[in-house]
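Survey of secondary and tertiary structure
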Number of protein chains: 2
Amino acid sequence: MLNRRAFCTALLIAGLLGWGGGVLAQSDPLPSWNDGKAKQAILDFVGKVTREGGPDFVKPAERIATFDNDGTLWAEQPAYFQLLFAFDEIKRQVAEKPELKGKEPYRSVLARDLKALAAEGNKGLLQVVALTHSGMTTEAFEASVANWLATARHPTKQRPYTEMVYQPQLELLAYLRANGFKTFIVSGGGVEFMRVFAEKVYGIPPEQVVGSSGVVKFRMDAAGKPQLFKEGKVEFIDDGPGKPVGINRFIGRRPILAFGNSDGDLQMLQYTAGGSGPRLALIVHHTDAEREWSYDRKSQIGKLDKALDEAAAKGWTVIDMKQDWKTVFPESR
Amino acid sequence: MLNRRAFCTALLIAGLLGWGGGVLAQSDPLPSWNDGKAKQAILDFVGKVTREGGPDFVKPAERIATFDNDGTLWAEQPAYFQLLFAFDEIKRQVAEKPELKGKEPYRSVLARDLKALAAEGNKGLLQVVALTHSGMTTEAFEASVANWLATARHPTKQRPYTEMVYQPQLELLAYLRANGFKTFIVSGGGVEFMRVFAEKVYGIPPEQVVGSSGVVKFRMDAAGKPQLFKEGKVEFIDDGPGKPVGINRFIGRRPILAFGNSDGDLQMLQYTAGGSGPRLALIVHHTDAEREWSYDRKSQIGKLDKALDEAAAKGWTVIDMKQDWKTVFPESR
């Protein structure tokens, strides 16, 4: 009882002294966002859906916010980080077993550079993914991702990948949760890959991560322990029209807020904006070649073309990274 | 500030008078459970995983509890309620369009009785499911389930289906949540069917319901509104070895507590019990022909045979409904 009493005494004193929620309300919940249309649209939206008795009030249980990951919560250049993981993982496998070096498909994969691999699109990706994301238990895969995240550095920014996340988005996630939203990732990335860091980095627990997945089978391992084994087959691609399908499958409610950055997010944004009542559709536009990267309509990674046109036509909120974000990445820890 | 202050003042007074959590701790969190081994196993387990600093403490984020639905949270006789819904729905379709009556497969379905339909197993089930669970938007399907739940009555108990839930389990779900657990349904039933009532009846939101699903496609409807359409193809069967697969896909963590009632729950129970640290595997044994139903090894619905043997071998907790539950169903509202 003592702690609760001490806390309540403090609250009572604060109350008697006339402090209210005012101190909190006056401090900026989004300090890394520059004042402007985008920030104001977010503050207005959260204000109206949480105003009890107001015409746009939304019950907390229905305050579902979905975020794309690559290019929306963390960077995606020079290639999707999961692909960089797979590439590093293949090098690690070859370092452990040098006899693999001459064998296909290791040889081809090792001979290719990142750019060539990215240019191959899905084919190259699927090949390295199959080599690094299957033939093991889900627990062993998690361990390999955790090990990589702890040691690998981004090729040009020289930071741990978990520090390639966007500071303004960390603030937005926390702000939404403080206002009763449940925050979800809805990404084309592998669900088991993202779950390894999503809780620690974004405060999003595994059960709120929706992503692409491979086939997994249940059976006893050699020691008789019940395990899940990852197989080399794709099960679900959570991208494009797959995103609203994934949202329906995992979440079961139409979001009231969705945030993306590429044409792969178009259908998620349409589905979100198309519901009745207040809705907010947001797009990160990568316009900051100096602090991050600048790319949109012609980019091989994170192409933003149709969704940019639709944003203009429908009045969705487009974040101009260079203008709207005071800082991009968090301070190094 | 006034309300918070009044509340805190009350807490302060309570503290000064020496009332602690004692009042709550002394009241029985599971009043519909008779004292006995099963109830004690639950209380002991929750006690030890929530004891901070204790050897079996589990962080709140990892307190995942999964419950089967049919036969574990609500009844499943004389047939799965979702099948009864489909049957009623076909009758409703025929009443609306009498010309369907003579057409196949309506004619066969209408000519069959429940017992015959149940005896056909998956084949009969899939036929009626296809007729009633596809060719519409997810929103239209939800509305048809909600309408059925509001009006239909159980064929022998004459209660709304939402009152065919087990009172002791409602108490257990609330007790677990009060102790920091996140409660999930993991059921062979259709995910979109269960989500219509799970939040209101069990306090389990849509995003914590894992179930079987059909293929869903995203497209614009005739009015240009972005919608999800249910197709007639099965996508995922969340039963047997599918349950740990579904848990991995949707939740991404091995549960520490799982509750089932049939052989379809065996692998979920194995997967749960097979993790390291404290784990609790529970089975409802339907032994109460008077208040509910009595069935196990030979039942066509909810067959409990292998899992009952494994429970004995592994020391899982088996709930004897007749002995362990003071009440079965909640009072009618």
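Within each chain, residues carry numbers counting from 1 in the order of the written sequence. Think of it this way: whatever chain is written first is A, whatever ligand is written first is 1, and the rest follow in order. Local features are withheld for residues below a pLDDT of 70 in this predicted model, meaning they are given only at 70 or higher, and side-chain atom pairs are given and counted only at 80 or more; totals for whole chains, interfaces and linings count all residues. Side-chain measures here rest on the full set of heavy atoms in the structure, leaving out hydrogens and waters.

A separate point is the overall build of chain A. Secondary structure follows DSSP: runs of H or I at least 4 residues long count as helices, runs of E at least 2 residues long count as strands, and numbering of each begins at the N terminus. The helix and strand inventory of chain A stands at 14 helices and nine strands. A burial count over chain A gives 54% of its 333 residues as buried. Once local pairs closer than 6 in sequence are excluded, the contacts in chain A between residues at least 24 apart make up 67%. Values of accessible area rely on a 1.4 Å probe in the Shrake-Rupley scheme; residue burial ignores everything except the protein chains shown. When the accessible area of chain A is evaluated, it comes to approximately 14800 Å², of which 54% is carbon and sulfur surface. Exposure is judged per residue with a 1.4 Å probe applied to protein chains only, and the accessible area is read against the type maximum: over 50% gives exposed, under 20% gives buried, and values in between give partly exposed. Whether two residues are in contact is decided by their heavy atoms, any of which lying within 4.5 Å being enough.

In this section: the packing of aromatic side chains. Pairs were defined over the aromatic rings of Phe, Tyr and Trp, the Trp ring being its six-membered one, requiring ring centres within 6.5 Å. Orientation was assigned from the angle between planes: stacked under 30 degrees, edge-to-face over 60, tilted for the rest. Within this structure, the stated rule accounts for 31 aromatic pairs over all chains. With a centroid separation of 5.4 Å and an interplanar angle of 70 degrees, the aromatic rings of Phe85(A) and Trp148(A) are classed as edge-to-face. Of the two residues, Phe85(A) sits in helix α4 (residues 81-96) while Trp148(A) sits in helix α8 (residues 138-151), which places them 63 residues apart along the sequence. Across the pair, Trp148(A) and Phe85(A) agree in class, each one buried. An angle of 65 degrees between the planes, with centres 6.0 Å apart, marks the rings of Phe197(B) and Tyr202(B) as edge-to-face. For Phe197(B), a relative accessible area of 3% gives the class buried. One aromatic cluster in this structure is built from Trp74(A), Phe81(A), Phe85(A), Phe141(A), Trp148(A), Tyr161(A), Phe193(A), Phe197(A) and Tyr202(A).

A few words now on the packing of helix α3 (residues 37-50) of chain A against helix α9 (residues 167-178) of chain A. All names here are of chain A. As a rule, the C-alpha atoms of each element are fitted with a line to give its axis, helices using only the stretch in contact, and angles between N-to-C directions run from 0 to 180 degrees. Orientation of α3 relative to α9, taken along the N-to-C sense of each, is 15 degrees, at an axis distance of 11 Å. Relative to α9, the element α3 lies roughly parallel. When the axes of α3 and α9 are compared, the crossing they make is right-handed. On the side of α3, the interface is formed by Ile42, Leu43 and Val46, while α9 contributes Leu172, Tyr175 and Leu176. Looking at the contact of α3 with α9 residue by residue, the class counts come to six nonpolar, no polar and no charged. Convention used here: angles under 35 degrees read as roughly parallel, angles over 145 as roughly antiparallel, angles from 65 to 115 as roughly perpendicular, and any remaining angle as oblique. Two helices crossing with the near one rotated counterclockwise from the far one by less than a right angle form a left-handed crossing, whereas a clockwise rotation gives a right-handed crossing. Ten residue types, Ala, Val, Leu, Ile, Met, Phe, Trp, Tyr, Cys and Pro, are classed as nonpolar, four, Asp, Glu, Lys and Arg, as charged, and the remainder, Gly among them, as polar.

Once that is clear, we can look at the sheet that holds strand β2 (residues 136-137) of chain B. Residue and element names in this part refer to chain B. In this description, strands pair whenever DSSP reports at least two bridges between them. Taking strand neighbours across the sheet as the criterion, the eight strands line up as β2-β5-β4-β3-β1-β6-β7-β8 in an open arrangement whose pairing is mixed. The open sheet has two free edges, formed respectively by β2 and β8 (317-320), since each of these has just one partner strand. Pairing analysis gives four bridges linking strand β6 (residues 257-260) to strand β7 (residues 280-285), with the strands arranged parallel. Within β7, the residue paired with glycine 260 across the bridge is isoleucine 283.

Before going further, it helps to examine the pattern of salt bridges. Just to be clear on terms, a salt bridge is a Lys or Arg side-chain nitrogen sitting within 4 Å of an Asp or Glu carboxyl oxygen. Summed over the entire model, instances satisfying the criterion amount to 39 salt bridges over all chains. Linking Lys225(A) and Glu139(A) is a salt bridge whose minimum nitrogen-to-oxygen distance equals 3.7 Å. With Lys225(A) in the loop between β4 (209-220) and β5 (226-236) and Glu139(A) in helix α8, this pair connects stretches of sequence that are 86 residues apart. Linking Glu89(B) and Arg92(B) is a salt bridge whose minimum nitrogen-to-oxygen distance equals 2.6 Å. One end of the pair is Glu89(B) and the other is Arg92(B), both in helix α4 (residues 81-96) and three residues apart, which spans about a single turn. Given the relative accessible area of 6%, Glu89(B) is considered buried. Shared partners join several salt bridges into a network, and the residues in it are Glu199(A), Glu207(A), Lys182(B) and Arg253(B).

This part covers the pairing of strand β1 (residues 64-67) of chain B. All names here are of chain B. Neither face of β1 is open: one carries Ile64 and Thr66, the other Ala65 and Phe67, and all of them are buried. Here β1 runs beside strand β3 (residues 182-190); their pairing, made up of four bridges, is parallel. Counted as the bridge partner of isoleucine 64 is lysine 182 from β3. Of the strand pairs in this sheet, β1 and β6 are connected by three bridges, and their pairing is parallel. Bridge pairing links phenylalanine 67 to phenylalanine 259 in β6.

Turning our attention to the side chain of Arg254(B). Mapped onto the elements of the fold, Arg254(B) is located in the loop between α11 (242-250) and β6. Think of a polar contact as two N or O atoms within 3.5 Å of one another; within protein, one of them needs to be a possible hydrogen donor and the other a possible acceptor, and neighboring residues in sequence only count if both atoms come from side chains. Polar side-chain contacts of Arg254(B) include one of 3.2 Å to the side chain of Gln227(A). A polar side-chain atom of Arg254(B) sits 2.8 Å from the main-chain carbonyl oxygen of Tyr271(B). Beyond its immediate chain neighbours, meaning those up to four positions away, Arg254(B) contacts Glu139(A), Lys225(A), Pro226(A), Gln227(A), Tyr271(B), Gly274(B), Gly275(B) and Arg279(B).

One broad trend across soluble globular proteins is that nonpolar side chains are buried collectively. All names here are of chain A. Grouping buried Ala, Val, Leu, Ile, Met, Phe, Trp, Tyr and Cys residues that are joined through side-chain atoms within 4.5 Å yields what is termed a nonpolar core. Counting residues in each nonpolar core, the largest one holds 66 residues, and the members touching the most others are Trp33, Ile42, Phe67, Trp148, Leu172, Phe193 and Tyr202. The greatest single-element share of this core, amounting to eight residues, is contributed by α4. Each domain's extent is set by a domain assignment, obtained either automatically or from a database. Split by domain, the residues of this core number at least three in each of domain 1 (30-76 + 162-324) and domain 2 (81-151). Sequence-distant contacts of phenylalanine 193, defined by excluding residues within four places in its chain, comprise Trp74, Phe81, Gln82, Phe85, Phe141, Val145 and Trp148.

Another aspect to go through is the confidence of the model for chain A. As a per-residue measure, pLDDT tells how confident the predictor is, with possible values from 0 to 100. Residue-level pLDDT values for chain A average 90, and 87% of them are 70 or greater. Here residues 1-24 of chain A is a poorly scored stretch, pLDDT under 50, and it has 23 contacts once near neighbours within four places are set aside; other chains count.

Moving on: the packing of α11(B) against helix α12 (residues 266-273) of chain B. Angle between the axes and distance between the axes: these two values describe a pair of packed helices. All names here are of chain B. It is the contact of α11 with α12, at a shortest axis distance of 6 Å, that shows an interaxial angle of 55 degrees. Taken together, α11 and α12 sit at an angle that is classed as oblique. Judged by residue contacts, Lys243, Pro244 and Ile247 of α11 engage Gln267, Met268 and Tyr271 from α12. For the contact of α11 with α12, the class distribution of residues is four nonpolar, one polar and one charged.

This part covers α12(B). α12(B) sits mainly inside the fold: seven of its eight residues count as buried. For α12(B), every residue scored as buried is listed here: Leu266(B), Gln267(B), Met268(B), Leu269(B), Gln270(B), Tyr271(B) and Thr272(B).

Moving on, we come to helix α13 (residues 306-314) of chain B. All names here are of chain B. Residues Ala307, Leu308, Glu310 and Ala311 constitute the buried set of α13. Buried residues of α13, seen end-on, are gathered within an arc of 165 degrees and therefore sit on one face of the element. With respect to the buried face of α13, the exposed residues turned more than 90 degrees away are Lys306, Ala312 and Ala313. Buried residues in α13 make contact with α12, β7 and β8. Trailing α13 by a residue or two, glycine 315 shows a phi angle of about 75 degrees, which is positive. Think of it as the arc spanned by the lines of direction from the helix axis to the C-beta atoms.

On to unusual backbone geometry. Residue and element names in this part refer to chain A. The omega angle of the peptide bond from glutamine 77 to proline 78 is 0 degrees, so this bond is cis rather than trans. Within the secondary structure, proline 78 is located in the loop between β1 (64-67) and α4. Its identity is not glycine, yet glutamine 158 carries a phi of approximately 55 degrees, on the positive side. Checked against the element boundaries, glutamine 158 lands in the loop between α8 and α9. Here glutamine 158 falls in the exposed class, since its relative accessible area comes to 53%.

All names here are of chain B. Along the chain, glycine 260 falls in strand β6. Expressed as a C-alpha distance, the spacing of glycine 260 and alanine 307, which sit 47 residues apart in the sequence, is 9.4 Å. Aside from chain neighbours lying at most four places away, what touches glycine 260 is Asp68, Thr72, Asp265, Leu269, Leu282, Ile283 and Val284.

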